[in-house]
Amino acid sequence: MQDSLFLRAAFSNNTERPPVWMMRQAGRFMPEYWEIKNKYSFLEMCKTPEIAADVTMLPVDLLGIDAAILFSDILVTAEAMGGELSFTQGVGPRFANPVRNQAHVDALLTDVGDRLKYVADAIKVIQQRLNGSIPLIGFAGAPFTVMSYLVEGGSSKDFKLTKLLIHNHPEIAHQLLAKIAKVTVDYLNLQIEAGVNAVQLFDSWALALSWDDYTEFSHNYNKEIISKLNRKDVPVISFCKGSSVFAPLMAETKPDVISVDWNADLLNIKKALPAGIAVQGNLDPHILYADKTVIKDRIHRLFERMRGENGFIFNLGHGIMPDIPFDNVKYAVELVKEYRY
């Protein structure tokens, strides 16, 4: 397994071509996903190991990608802590009991390993099915991003309530973040123990923060989490929307890989990082709506830019959108797999 393209690139070793996987690769752009989704709720899919394995394997079987990623959600930690989580079609995640004050924070649990055992069970089923063919990536939501959902009660365009909390009541925000960070460390180590080959920390909404607020309310907790992972032979990928801005700080957390959004020149980011930190990215996912000639041009342009660089994993700057044509995604994967430096 350590000889896989993905793990070699993640540890900044030489590869004959970039490995490819895509965020949200097991998802709504696939008709086969909907065949499963129409039978079960989203949380049922996450919490039933055999179904989570079925969905995880879809891009493995249909796209031939170089790494699988566990089918789950970044908010399972918040639910395990006591958040009353539901998913509604067209609305997204909702928490019926938002966290807005000291009492709400005090009520959240932190010893929740038993409540997340279904994830470890799913990992074991997936690894049986993969049978050593490609690595499996586990993941968790970073504390600031998870906090934003808990405080807002769901998705938000402006994060107004979250920002009010960190600015008016920073001490409460830090208590909440510390609780989430503890759960996240335990959760990622649970995944590593269950057999994942890599882990990714998703700080999806970090871009909502100023530099100072990112440092205080996101970066410091991500650094703590990564420092406490049992990461021997297991690369750690750090992703945030905003990595084109925050990459220098992200490097201080000592990940093996920084996943970069599409707003930056990937080579410039790579050159500015300490030696030994790989980069992942950074095609704008909207390119996958375009004609195949455009897709080919943009992928080859990125590859030519990164020619000669060890430690490069091809991915998108964020997740695949649900209405991107499946054939375009498959074409992009095939382009990557055919490419040689």
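What you are looking at is a predicted structure, and each value in this text was computed from that prediction instead of being measured.

### Thoughts on the pairing of strand S3 (residues 92-95)
Side-chain positions along a regular strand alternate between the two faces of the sheet.
Alright, step 1. Pairing analysis gives four bridges linking strand S2 (residues 85-88) to S3, with the strands arranged antiparallel. The partner of threonine 88 across the bridge, within S3, is glycine 92.
Alright, step 2. The hairpin turn running from S2 into S3, its antiparallel successor, is three residues long, and glycine 90 in that turn takes a positive phi close to 85 degrees.

### What about the packing of aromatic side chains?
Pairs of aromatic rings are described using the distance from one ring centre to the other and the angle between the two planes.
Alright, step 1. Per the stated rule, a full pass over the model turns up 13 aromatic pairs.
Alright, step 2. The interplanar angle of 75 degrees and the centroid separation of 5.6 Å between the aromatic rings of phenylalanine 42 and phenylalanine 71 together place this pair among those described as edge-to-face. Residue phenylalanine 42 is found in helix H3 (residues 42-47), and its partner phenylalanine 71 is found in the loop between strand S1 (68-69) and helix H5 (76-80); the two are separated by 29 residues along the sequence. Each member of the pair, phenylalanine 42 as well as phenylalanine 71, carries the same accessibility label: buried.
Alright, step 3. Taken together, a centroid distance of 5.8 Å and an interplanar angle of 45 degrees make the contact between phenylalanine 159 and tryptophan 205 tilted.

### What to know about helix H11 (residues 211-227)
Alright, step 1. At serine 218, H11 is deflected by roughly 35 degrees, the largest bend along its length.
Alright, step 2. What H11 keeps buried is the set Asp213, Tyr214, Phe217, Ser218, His219, Tyr221, Asn222, Ile225 and Ile226.

### With respect to the sheet that holds strand S6 (residues 236-240)
Alright, step 1. If you walk across this open sheet you meet the seven strands as S1-S4-S5-S6-S7-S8-S9, and the pairing is parallel. Bordering the open sheet on either side are S1 and strand S9 (312-316), each of which pairs with just one other strand.
Alright, step 2. In the sheet, S1 pairs with strand S4 (residues 136-141) via two bridges, with the strands oriented parallel. If you follow alanine 68 over to S4, its bridge partner there is leucine 136.

### Describing the layout of surface pockets
Alright, step 1. Of the pockets and cavities examined, the largest pocket occupies roughly 1,200 Å³.
Alright, step 2. Lining of the largest pocket is provided by 39 residues; of these, Arg24, Arg28, Phe42, Asp73 and Phe87 occupy positions nearest its centre.
Alright, step 3. Mapped by element, the contributors of at least two residues to the lining of the largest pocket are helix H2 (31-37), S2 and S3.
Alright, step 4. Here the element with the most residues in the lining of the largest pocket is H2; it accounts for three residues.
Alright, step 5. By residue class, the composition of the lining of the largest pocket is 21 nonpolar, 13 polar and five charged.
Alright, step 6. Considering only enclosed or pocket space, the second largest pocket measures out at about 260 Å³ in volume.
Alright, step 7. Lining the second largest pocket are 13 residues, with Asn282, Leu283, Arg298, Arg301 and Leu302 positioned closest to its centre.

### Focus: the packing of helix H8 (residues 143-152) against helix H10 (residues 170-194)
Alright, step 1. It is at 9 Å that the axes of H8 and H10 come closest, and there the two elements cross at 120 degrees. For H8 against H10, the interelement crossing comes out right-handed. Contact residues: Pro143, Phe144, Val146, Met147, Leu150 and Val151 in H8; Ala173, Leu176, Leu177, Ile180 and Ala181 in H10.
Alright, step 2. Each residue belonging to the contact of H8 with H10 can be placed in one class, and the counts come to 11 nonpolar, no polar and no charged.

### Some words on the nonpolar core
Grouped burial of nonpolar side chains is what soluble globular proteins tend to show.
Alright, step 1. Residues Met22, Met147, Leu176 and Phe314 are the most contacted members of the largest nonpolar core, which totals 135 residues.
Alright, step 2. By residue number, the principal contributor to this core is H10, which donates 13 residues.
Alright, step 3. Beyond its immediate stretch of four places on either side in the chain, methionine 147 contacts Thr162, Leu165, Ile166, Ala173, Leu176, Leu177 and Ile180.

### Focus: unusual backbone geometry
Alright, step 1. Residue asparagine 282 is reached from glycine 281 by a cis peptide bond, and omega for that bond is -20 degrees.
Alright, step 2. Here asparagine 282 shows up in strand S8 (residues 278-283).
Alright, step 3. Residue lysine 254 is not a glycine yet carries a positive backbone phi of 60 degrees.
Alright, step 4. Here lysine 254 shows up in the loop between helix H12 (243-252) and strand S7 (257-259).
Alright, step 5. A residue is classified by how much of its surface remains accessible, and lysine 254, at 60% relative accessible area, is exposed.

### Quick notes on the pairing of S9
Alright, step 1. Burial within S9 is extensive, with five of its five residues counted as buried.
Alright, step 2. Residue alternation in S9 divides its side chains into two sets, Phe312, Phe314 and Leu316 and Ile313 and Asn315, and both sets are buried.
Alright, step 3. Once you follow S8 into helix H14 (residues 292-305) and on to S9, the crossover reads as right-handed.

### Here's the deal with a nonpolar patch on the surface
Alright, step 1. Where nonpolar side chains cluster on the molecular surface, the patch consists of Leu207, Trp211 and Val245 and spans about 290 Å² of accessible area.
Alright, step 2. As for its position among the elements, tryptophan 211 is in helix H11.

### Considerations on the pattern of salt bridges
Alright, step 1. On inspection of all chains with the given rule, the structure shows 17 salt bridges.
Alright, step 2. With its nearest N and O atoms 2.8 Å apart, the salt bridge here joins aspartate 66 to arginine 17. Highlighted residues: aspartate 66 in the loop between helix H4 (49-63) and S1 and arginine 17 in the loop between helix H1 (5-10) and H2, separated in sequence by 49 residues.
Alright, step 3. The exposure class of aspartate 66 is buried, given its relative accessible area of 11%.
Alright, step 4. With a closest N to O distance of 2.9 Å, lysine 47 and glutamate 79 form a salt bridge. A residue pair is termed long-range when its members are at least 10 positions apart, and lysine 47 in helix H3 and glutamate 79 in helix H5 qualify at 32 residues.
Alright, step 5. Judged by its relative accessible area of 34%, lysine 47 falls in the partly exposed class.
Alright, step 6. Residue glutamate 79 is classed as buried on the basis of its relative accessible area, which comes to 17%.

Basis of the calculations
Residues numbered from 1 in each chain as written. Predicted model: local features only at pLDDT ≥ 70, side-chain atom pairs only at ≥ 80, totals over all residues. Heavy atoms only, no water. Pairing = 2+ DSSP bridges. Helix = DSSP H or I, 4+ residues; strand = E, 2+ residues; numbered from the N terminus. Phe/Tyr/Trp six-rings, centres within 6.5 Å; stacked < 30°, edge-to-face > 60°. Buried < 20%, exposed > 50% of the residue type's maximum accessible area, 1.4 Å probe, protein only. Bend = angle between axes of the 7 residues up to and from the residue. 1 Å grid on protein atoms, 1.4 Å probe; cavity = no way out; pocket = protein on both sides within 12 Å on 5 of 7 lines; lining within 4 Å. Points joined across faces, edges and corners; volume = space filled by probe spheres on them. Nonpolar A, V, L, I, M, F, W, Y, C, P; charged D, E, K, R; others polar. Axes fitted to C-alpha atoms, helices over the stretch in contact; angles between N-to-C directions. Left-handed = near helix turned anticlockwise from the far one by under 90°. Contact = heavy atoms within 4.5 Å. Core = buried A, V, L, I, M, F, W, Y, C linked by side-chain atoms within 4.5 Å. Right-handed = clockwise from strand over helix to strand, strands pointing away. Patch = residues over 30% accessible without salt bridge, like charges linked within 9 Å, V, L, I, M, F, W, Y side chains within 5 Å. Areas by Shrake-Rupley, 256 points an atom, 1.4 Å probe, with all protein chains shown as cover. Salt bridge = Lys/Arg side-chain N within 4 Å of Asp/Glu carboxyl O.

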